[in-house]
Protein chains: 2
Amino acid sequence: MDTFSTSHNHTTALFHDGLTLDCGRHLAPVEIAYCTYGVLSPARDNAILICHALTGDQYVAQTHPLTGRAGWWEGMVGPGRAIDTNRFFVICSNVLGGCMGSTGPRSPKPSTENVAEPWGTDFPPLTIRDMVRGQEMLIRHLGITRLFAVIGGSMGGMQVLEWTTTFPEKVFAAMPIATAPFHSAQNIAFNEVSRQAITADPEFHNGRYWETGAIPARGLGVARMMAHITYLSEEALTRKFGRRTRPDPQRLASKDTSLLGEIFEVESYLRHQGSSFVRRFDANSYLTITRAMDWMDLAADHDGDFSAAFAGTPIRFCVVSFSSDWLFPTSQSRLLVRALNRAAANVSFVEIESDKGHDAFLLDEPDFERTVRGFITGAAEHAQLSVASHTEG
Amino acid sequence: MDTFSTSHNHTTALFHDGLTLDCGRHLAPVEIAYCTYGVLSPARDNAILICHALTGDQYVAQTHPLTGRAGWWEGMVGPGRAIDTNRFFVICSNVLGGCMGSTGPRSPKPSTENVAEPWGTDFPPLTIRDMVRGQEMLIRHLGITRLFAVIGGSMGGMQVLEWTTTFPEKVFAAMPIATAPFHSAQNIAFNEVSRQAITADPEFHNGRYWETGAIPARGLGVARMMAHITYLSEEALTRKFGRRTRPDPQRLASKDTSLLGEIFEVESYLRHQGSSFVRRFDANSYLTITRAMDWMDLAADHDGDFSAAFAGTPIRFCVVSFSSDWLFPTSQSRLLVRALNRAAANVSFVEIESDKGHDAFLLDEPDFERTVRGFITGAAEHAQLSVASHTEG
């Protein structure tokens, strides 16, 4: 029997029976940690599921409990925002394999004599579709038959795509943002370097780092630093940092610094990105989730033709890319849109002009905000939602 | 007094008096290891200096003594090649700070009681101009007053630019390829991640890894893997590897692999790139040379206006970029060309259409080969070289 514990609006749902994964193994129990905002309408037809990216979590619109920082999409989700919590019931859950409360490598491994032992690298390999299956269990648990919308960027967009192909009857509208229907060779390559950096750290201890009380902080930090470069455009890095150096005039005038000293502001920024990340993220989760991204390939799942994945789809799509995103470039969104067109799907496509790179979807981009608001408003009119507006409880 | 030892055509020149570096410190003695091809004309006017990239060396057109692989530019340099050793005296030297015989972090540190102790991270910080100063000493040593041409790609192109601004009277023609007049924030960022990967390796031992007999192989391997991605275009990675997996049908069908196992061919390729690199390259050299690249900024050296660096230059320039190079994109070559135009320099500019990324300059690209051949032939006619042609000895 499923249980349910609530503390404010972040919550964990426990599914004793678990679920069977794409790898063939059965994972049980399964916990899904999630946050909700707004009120579910009596007709249960105003739910929007937001899917988070690789290093995101369920704290989409509230202060993060570990970092104390604002939710990762507070500019987009809230009362009166583009994703308006006065009108919609918004759900965001930590992905399976994650480390913020959903079942993942840090969760206790069942059937071990030492009940405190976590899964670690014994955690079964996941796919994006497995993450979506976990979300679908949660949605059912909340009594929702069909989501009004599924929205997400980057790996969140991959989840949106898996929702539309795995549970097409359970989604009214879908917004895959800054994403792709498959992970490219370059993306796999960057992920693999991240994994090598983590596993090269002797504190990794073949994934059993909990035994020592230490974490592979340096390897995970290097992985995060590299990934962070891929989230920004060259233009954004140049505008933010250029070739500015840290203020140490004497040292700089002579160039006679230590070989290992910090010099450029961009270096200091990246080191900070790395060191703050390792305090909130689990290395084995990073390995598990990057693998899941690498396996993403809608075409391979449909005999090489991923328009077949969308055949007869009833879903309204809005595909969004950003002009300076080189990690998930517009060309990949165009492939997706062409496949949707071949499937005669209802799809609009917007490339947002931005020089902020992949991370633009997380940042203040008025054109993007207007696009999200417009798509949701239009879809809601079309759906004739039972509740037009109500205020948050 | 300078000494000179020869074994075939790879040689080391020793300069007891050394040189004063940009950082203000004096480095002595200085050794420069180099290879030559062809014969210096009696008028000493047919010398071409080839400058190598970050991980290159002097073995430009002969088998590498450590790897047994062909020289890194054998397709371009040799009898009858675009850089024709029947006609030109070709010189290629290992950069200062390198690890193939020129003075660098692996060289003995003077004035230490233990004469076997290498410089390590005590090696003074170098600039690209320091590398060029070392080459200029070598050229004088060889009795050459003026080089017919200086040619190089990537960091080699940075050296070409420093040659033209530091010793303009000593260069007749210059060909900076796939390079930039400054290192961008993105380039610095990637280099910094490389350095962090190296120094995070516990085998690095704060740079004193020679004491243990081990090397920071995993960190250096991660650094190389990441850098290698930046040398290739997304198109090249997709064409070479796509999403092809290693042939293990059973494992792949179930997706039930180890979390750490290899899956995609691109991963296997990158791991090989990393592991083969660490057998031939020194980690402290990598730190030293990447720092030198980061400091490259012709504009900063000339009060923010790098056209001033070329004022009144007598040199004939040919600037080359590659359309799919995102590490040193065409936009940066255009900045260089505009500065040369403002300085009323004799400059031609060619963007080669290629989908091979930054590494295109090392690969078989017929348009590029024709460009090099054409520029050299034209410049040689203009220079009225004393020796039109002779065969190799």
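Residues numbered from 1 in each chain as written. Chains lettered and ligands numbered in written order. Predicted model: local features only at pLDDT ≥ 70, side-chain atom pairs only at ≥ 80, totals over all residues.

1. Description of the pairing of strand E11 (residues 171-177) of chain B
Residue and element names in this part refer to chain B. Judged by how many residues are buried, E11 sits mostly within the fold: seven of seven residues are covered. Sheet topology places strand E10 (residues 147-153) next to E11; six bridges connect them, and they run parallel. By the bridge assignment, Gly-152 is partnered in E11 with Pro-176. Following the chain from E10 across helix H2 (residues 155-166) to the adjacent parallel E11, one finds a crossover that is right-handed. Across three bridges, the pairing between E11 and strand E12 (residues 316-322) is parallel. (Buried ≥ 20, exposed ≤ 12 C-beta atoms within 10 Å, placed from the backbone. Helix = DSSP H or I, 4+ residues; strand = E, 2+ residues; numbered from the N terminus. Pairing = 2+ DSSP bridges. Right-handed = clockwise from strand over helix to strand, strands pointing away.)

2. With respect to the domain arrangement of chain A
Residue and element names in this part refer to chain A. Here chain A is described as being made up of domain 1 (3-184 + 302-383) and domain 2 (188-289). For domain 1 versus domain 2, the separation of C-alpha centres amounts to 27 Å. The interface of domain 1 with domain 2 comprises 25 residues on the first partner and 18 residues on the second. Its residues placed into classes, the side of domain 1 that touches domain 2 shows 10 nonpolar, 11 polar and four charged. (Domains from an automatic or database assignment. Contact = placed C-beta atoms within 7 Å. Nonpolar A, V, L, I, M, F, W, Y, C, P; charged D, E, K, R; others polar.)

3. Considerations on the environment of Ala283(A)
Residue and element names in this part refer to chain A. Along the chain, Ala-283 turns up in helix H8 (residues 283-295). For Ala-283, a count of 28 C-beta atoms within 10 Å corresponds to the buried category. Along the chain, Ala-283 and Gly-219 lie 64 residues apart, while their C-alpha atoms are 8.8 Å from each other. What Ala-283 contacts, discounting residues up to four positions off in sequence, is Ile-198, Phe-204, Tyr-209, Ile-215, Pro-216 and Leu-220.

4. Examining the interface of chain B and chain A
Between chain B and chain A, the contact holds 51 residues from the first and 51 residues from the second. For the side of chain B that touches chain A, the secondary-structure elements that each account for two or more residues are helix H3 (185-200), helix H4 (217-231), helix H5 (234-240), helix H7 (265-277) and helix H8 (283-295) of chain B. Ranked by residue count, the leading element in the side of chain B that touches chain A is H3(B), at 11 residues.

5. Let's talk about unusual backbone geometry
Residues and elements named next belong to chain A. A cis geometry characterises the amide bond from Ala-28 onward to Pro-29, with omega recorded as -5°. Relative to the assigned elements, Pro-29 resides in the loop between strand E4 (26-27) and strand E5 (30-37). The phi dihedral of Arg-44 is positive, around 55°, even though this residue is not glycine. Here Arg-44 lies in the loop between E5 and strand E6 (47-51). Of note in this structure, Asp-303 is not a glycine but carries a positive phi near 55°. Assignment of secondary structure puts Asp-303 in the loop between H8 and strand E12 (316-322). We classify Asp-303 as exposed; it has 8 C-beta atoms within 10 Å.

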